Amino acid sequence: MHRETISSQSYEPPPSLTFVCEHDSRLFSTYFKRMTKEFEQVTRKPTEGVLDAVVVRAEGIDDLDWDSLEARTFKAGEWFFELLCLIPIHIAVARHNSFVPLNDGICDPLQEQRLLGATVDQIIDSISLGWYESIFNSYMATKPVKVVSSMGEQRVGKSFTLNHIVDSSFAGSALRTTEGVWLSVCPTRDTLVVALDFEGVHSIERSPQEDMLLVLFNTALSNMVLFRNNFALSRDVANMFTGFQASTALLDPAANPKLFKSLLTIIIKDVVEGDKKEIVKEFSSKFSQILSEEQGANFITVLHAAQLTVIPWPVIQSRPFYTLFSKLRTLLFKQPNTHASAGEFLLTLKTLMAKLKAQDGGSIDQNLTKHRVAQLMDMLPTAMATGFAELQPETEELKNLDNQ
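Since this is a predicted model, take the numbers as computed values, not measurements. (Residues numbered from 1 in each chain as written. Predicted model: local features only at pLDDT ≥ 70, side-chain atom pairs only at ≥ 80, totals over all residues. Heavy atoms only, no water.)

Tallying secondary structure elements over the protein chain gives 13 helices and twelve strands in all. Compactness check: the protein chain gives a C-alpha radius of gyration of 24 Å against a globular reference of 22 Å for 404 residues, within 12% of the reference. Principal-axis analysis of the C-alpha atoms gives the protein chain an extent of 70 × 65 × 35 Å. Considering the protein chain as a whole, with its 404 residues, one finds that 45% of them fall into the buried category. Considering only contacts within the protein chain whose residues lie at least 6 apart along the sequence, 76% involve residues at least 24 apart. Of the roughly 20,600 Å² that the protein chain leaves accessible, carbon and sulfur atoms contribute 55%. (Helix = DSSP H or I, 4+ residues; strand = E, 2+ residues; numbered from the N terminus. Rg over C-alpha atoms; globule rule 2.2 N^0.38 Å. Buried < 20%, exposed > 50% of the residue type's maximum accessible area, 1.4 Å probe, protein only. Contact = heavy atoms within 4.5 Å. Areas by Shrake-Rupley, 256 points an atom, 1.4 Å probe, with all protein chains shown as cover.)

Moving on to the packing of helix 2 (residues 76-85) against helix 5 (residues 132-139). At a minimum axis distance of 10 Å, the contact between helix 2 and helix 5 shows a crossing angle of 125°. Classified by the angle between their axes, helix 2 and helix 5 sit oblique to one another. The two elements helix 2 and helix 5 meet at a crossing, and its hand is left-handed. Residues G77, E78, F81, L84 and C85 of helix 2 form the contact with helix 5, whose participating residues are Y132, I135 and Y139. A class-by-class count of the residues in the contact of helix 2 with helix 5 yields six nonpolar, one polar and one charged. (Axes fitted to C-alpha atoms, helices over the stretch in contact; angles between N-to-C directions. Parallel < 35°, antiparallel > 145°, perpendicular 65-115°, else oblique. Left-handed = near helix turned anticlockwise from the far one by under 90°. Nonpolar A, V, L, I, M, F, W, Y, C, P; charged D, E, K, R; others polar.)

The next subject is the state of the cysteines. Applying the stated criterion to the full structure yields zero disulfides. Lacking any disulfide linkage, C186 is separated from the closest cysteine sulfur, that of C85, by 8.1 Å. By relative accessible area, which is 1% here, C186 ends up buried. (Disulfide = S-S within 2.5 Å.)

Structure follows, in structure tokens:
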């Protein structure tokens, strides 16, 4: 996925790598081309000509004309925006059978104490997403949002998958697992893509109640949910999704028709070419059995608006392993927008987090309306007297709160 911010210039010079030394330039260029070829052969990872486009040269210090070097220029705000979007933030954890929103990526026990018995509105006002607040509320406030999330068992490559789809930088390794929920953003020309990376379900560190809270948060917000799992270990579909249906007792999808619209994408990892058709047939049959037995009460219909696809994923170090990521990107952008603007998404996100924290299972629209009325009532005296939304800590213009 190609990141695209507000560009300061239409012309982008080709990427280049200049070695300042007295050696022959051809040595560096030849060596770099050989490295690129070996990388593609060993990893089977397609580079789409990006590495081949890098201009490699060497020049002596006395011959180097610094003024003639082409460089891409940014406005300072653009550059910081691009940088901040590369940094994931920890937004929530599930512990002690509760959903715990974090403040600026930090779990604060003192704040937890202060929020005991707090209302949904009070919890909303206490939540901050750090540097993403200004991105959602100001810099990209009117841009529509698509949300892609990754769930599944532990250590199956959930973070790795998101990083390859939306150019995020979630940390992931065989020795480390994600805790709670992390958020990152990829700005594109028409859409702000929000990626949510979730910890593994069915973990020994998490109770079934905590799994349900994370599942609810995920399925309510997302446009596409990637559920990645091991083919060899996860052929029992009924047990794989144990608790998914039960989670609706905590927040009723029927009372929240604007949420729960995601495409559930089941990714079966490490499938060899000869088994692909049989794997899809096997899993499709099992899901059809769930639909038949549970009718309209099944978790696919209730949590995902009856949207499901099964994708057998090839083994790593095969070319199809990487080319399939573009298929997931296509599926994501085909999903209808459920978040009309970044400002609206931010309020929906905070409200949902607050409802799960307060164990409020009612309609989110009622909470959004109540919170908006409280906002307007607080703002009204200053707006009527001065024509501004706020005067302190700095002057803020009036704005359309429906899309910002």
